[in-house]
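Structural overview for review
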Amino acid sequence: MGSANDGLVVKLDSKDWTVASLTLANIDGNENVVMTLYLADDLGESEYYSDSKNTKGNNMYGRSTIRNHLLTHTDWSLFNDTDEEGFARRYLVQPKNE
């Protein structure tokens, strides 16, 4: 579907995602089209770390409340399911350890 404001929009898990770019990727010897998506509408606010102390690492992704929310909240369960046949394993491009 399309939008005058957002361009090409894809709906996944009842959320609208703007297609930021399309690229070709060689995945397991096959050419695949890869979409880079950007959430079209915000779903609230978050911060990297809720502690206001000037502590080394407070703004790092590994300690962030954003990361915790994305990995544990049911709003994002389609994307953080680690089941072998789940959406994330089957359709999200995973970094390779080579």
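Bear in mind the structure is a predicted one, so any value in this text is a computation, not a measurement.

Conventions used here
- Residues numbered from 1 in each chain as written.
- Predicted model: local features only at pLDDT ≥ 70, side-chain atom pairs only at ≥ 80, totals over all residues.
- Heavy atoms only, no water.
- Pairing = 2+ DSSP bridges.
- Helix = DSSP H or I, 4+ residues; strand = E, 2+ residues; numbered from the N terminus.
- Salt bridge = Lys/Arg side-chain N within 4 Å of Asp/Glu carboxyl O.
- Buried < 20%, exposed > 50% of the residue type's maximum accessible area, 1.4 Å probe, protein only.
- Phe/Tyr/Trp six-rings, centres within 6.5 Å; stacked < 30°, edge-to-face > 60°.
- Contact = heavy atoms within 4.5 Å.

Both strand E2 (residues 7–12) and strand E3 (residues 15–27) contribute to a ladder of four bridges, which runs antiparallel. Across the sheet, the residue bridging to Lys11 is Asp16, located in E3. The turn linking E2 back onto E3 is made up of two residues, and Asp13 within it adopts a positive phi angle of 55°. Connecting E3 to the next strand, strand E4 (residues 30–39), in antiparallel fashion are two residues, including Asp28 with a positive phi near 55°.

Tallied over the entire structure, the rule returns two salt bridges. The salt bridge partner of Asp16 is Lys11, with a shortest N-O separation of 2.9 Å. Given a relative accessible area of 25%, Asp16 falls into the partly exposed group. The partner of Lys15 in a salt bridge is Asp13, with the nearest N and O atoms 3.2 Å apart. Given a relative accessible area of 32%, Asp13 falls into the partly exposed group.

Another point: the packing of aromatic side chains. Going through the model one piece at a time under the given rule, you end up with four aromatic pairs. Note on Trp17 and Trp76: the rings are 6.2 Å apart at their centroids and 70° apart in plane angle, and the pair reads as edge-to-face. With Trp17 in strand E3 and Trp76 in the loop between helix H1 (65–72) and helix H2 (77–80), this pair connects stretches of sequence that are 59 residues apart. Neither residue differs from the other here; Trp17 and Trp76 are each classed as buried.

Moving on to the environment of Asp6. In this fold, Asp6 is placed in the loop between strand E1 (2–3) and E2. The partly exposed category is assigned to Asp6, whose relative accessible area is 30%. Residues within four places of Asp6 in sequence aside, it is in contact with Thr18 and Ala40.

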